[in-house]
Amino acid sequence: MEKDKYGIETSISQPAIKLFKAADIDVEFVKVSAEKPDPNRLMFGTVFSDHMLMIHWSSARGWERPQIKPMQNLSLHPAVSALHYAVELFEGLKAFRGVDNKIRLFRPMLNMERMLHSARRACLPSFDPKELLECIKKLVVIDREWVPYSNTASLYIRPVLIGTEPSLGVKIATRALLYVILSPVGPYFSKEGFSPVSLWANPKYVRAWKGGTGDCKVGGNYGASLLAQSEALTAGCQQVLWLYGEEHYVTEAGTMNMFIYWTNEHGEEELVTPPLDGIILPGVVRQSILDLARKWNQFKVDERPVTMNELVKAIQQNRVTELFGSGTACVMCPVGRILYKGENLHIPISQNGLKLTTRLLESLTNVQYGKVESDWACLVI
Ligand SMILES: *Cc1c(COP(=O)(O)O)cnc(C)c1O
């Protein structure tokens, strides 16, 4: 049986019957464009652009024509399976206004393919990922004035696919809706630079497990993480460091992939992140950091499991140089402290001034904001 690159059998996916094409898009424009916000005062995900993309699917008819419409509420039957059984998934990527005033996406096909992977896991219909990217580009072109004029802000793109089966039966949806909304977002860190986060490492709650959905961006994963996040806050930490198994494997931090830059037990300088073994979300930034570090070829780069015991020992022996999370929202987010088994483990950041974190961040943002040419940049307009 054929499998995708994450090991899911591709035949599980719903047959799409008729695929949608970007060339068939119908557009209905807003009458008056809303006022654009000041990008420096934005709360993440609270302001939305003028238009959205909507594509309906049914098992009987396949995909309908894509529609770009004024941003609006959805009208859904109260029984739809997305609301009852979390038959839904989402993506997150950004459009950047470059120093040349052109608008770019960053490796967007990785998001499209990951969305297909999530769709297979949720038994939602498949689609042509290239056509979805073309539809998204058209939407961004129409709402291009919503891409902030800033080299730290961006336009967050949120594709969603929901099961709209109007029935209480727990079964594969025969109807679905794919939509995409756009939200201008400000800089993640202030002008003063990085502010390292603190992590609550506690095995009490588990984010993902083998055979589960941790490697998919399905909504249920995130709703189920909120209680752990609130306990982290109560414990005086900003985010959860998700552990796995008896060995307390380090997996992810909040909704970020985790990286450790250290001198490993064999005395080698190494950048290490947990492998894509089903419990790790295959982040686009994660992949890009690995690709860059391997290209630089200046230290060892590895994808392998790391336990809390190994990490604690390394911190105590002063072998951890930098510890950071990665994701589209922040790009890079340094970690300054971990609370584990009642003890605060501090990562001394003053020593080298976050050299690797800064270098990676600059390399990635240089591509995003068009400061350097790269085939990772996808030109929109
Ligand atoms: C989205 C996400 C990430 C980061 O993925 P990017 O593609 O780099 O933004 C990491 N972990 C989890 C759990 C996520 O949901």
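Reading guide: rules and limits
- Residues numbered from 1 in each chain as written.
- Predicted model: local features only at pLDDT ≥ 70, side-chain atom pairs only at ≥ 80, totals over all residues.
- Heavy atoms only, no water.
- Buried < 20%, exposed > 50% of the residue type's maximum accessible area, 1.4 Å probe, protein only.
- Helix = DSSP H or I, 4+ residues; strand = E, 2+ residues; numbered from the N terminus.
- Pairing = 2+ DSSP bridges.
- Near = heavy atom within 4 Å.
- Polar contact = N/O pair within 3.5 Å; in protein donor to acceptor, adjacent residues only side chain to side chain.
- Areas by Shrake-Rupley, 256 points an atom, 1.4 Å probe, with all protein chains shown as cover.
- Nonpolar A, V, L, I, M, F, W, Y, C, P; charged D, E, K, R; others polar.
- Phe/Tyr/Trp six-rings, centres within 6.5 Å; stacked < 30°, edge-to-face > 60°.
- Lys NZ or Arg CZ within 6 Å of the ring centre and 35° of its normal.
- Domains from an automatic or database assignment.
- Contact = heavy atoms within 4.5 Å.
- Buried area = accessible area lost by both parts, 1.4 Å probe.
- Salt bridge = Lys/Arg side-chain N within 4 Å of Asp/Glu carboxyl O.

## Things to note about the pairing of strand 14 (residues 269-273)
Step number 1: Most of strand 14 sits out of view: 4 of its 5 residues are buried.
Step number 2: Here 4 bridges tie strand 13 (residues 256-263) to strand 14, and the two strands are oriented antiparallel to one another. Opposite Ile-260, over in strand 14, you have Val-272 as the bridge partner.
Step number 3: The turn joining strand 13 and strand 14, which pair antiparallel and follow one another in sequence, is formed by 5 residues; a positive phi near 80 degrees is taken by Gly-267.

## Some points on the site of the ligand
Step number 1: Around the ligand sit 14 residues, and of these Lys-217, Tyr-222, Glu-252, Val-284 and Thr-328 come closest.
Step number 2: Take Lys-217: an N or O atom from its side chain is 2.7 Å from an oxygen atom of the ligand.
Step number 3: Isolated, the ligand exposes 380 Å² of accessible area, and the fraction of that covered by the protein chains is 95%.
Step number 4: Looking at the shell around the ligand, the elements that each hand over two or more residues are strand 13 and helix 6 (284-296).
Step number 5: Grouping the amino acids of the shell around the ligand by side-chain chemistry returns 5 nonpolar, 5 polar and 4 charged.

## As for the packing of aromatic side chains
Step number 1: All chains considered together, the criterion is met by 10 aromatic pairs.
Step number 2: Judged by centre distance (5.1 Å) and plane angle (70 degrees), the rings of Phe-90 and Tyr-222 are edge-to-face. Residue Phe-90 is found in strand 5 (residues 88-90), and its partner Tyr-222 is found in helix 4 (residues 219-223); the two are separated by 132 residues along the sequence.
Step number 3: Of the residues examined, Tyr-222 reaches a relative accessible area of 17% and is grouped as buried.
Step number 4: Here the aromatic cluster, defined as three or more aromatic residues joined through ring pairs, consists of Phe-20, Trp-57, Trp-63 and Phe-127.
Step number 5: When the ring centre of Tyr-149 is taken as origin, the NZ or CZ atom of Arg-97, which lies over that ring, is 3.7 Å away.

## Some points on the domain arrangement of the protein
Step number 1: Structurally, the protein comprises domain 1 (22-187) and domain 2 (197-366).
Step number 2: For domain 1 versus domain 2, the distance between C-alpha centres works out to 28 Å.
Step number 3: Counting residues at the interface gives 16 residues for domain 1 and 20 residues for domain 2.
Step number 4: Between domain 1 and domain 2 the total buried area reaches about 1500 Å² when both faces are included, carbon and sulfur atoms providing 60% of it.
Step number 5: Taken as a group, Phe-90, Arg-114 and Arg-121 account for 37% of the area that domain 1 buries against domain 2, more than any other trio of residues on that side.
Step number 6: For the interface between domain 1 and domain 2, the tally reads 1 salt bridge.
Step number 7: For Asp-291, the salt bridge is made with Arg-107, and the minimal N-O distance between the two is 3.0 Å.
Step number 8: Seen at the junction of domain 1 and domain 2, the total is 11 residue pairs in polar contact (both at pLDDT 80 or more).

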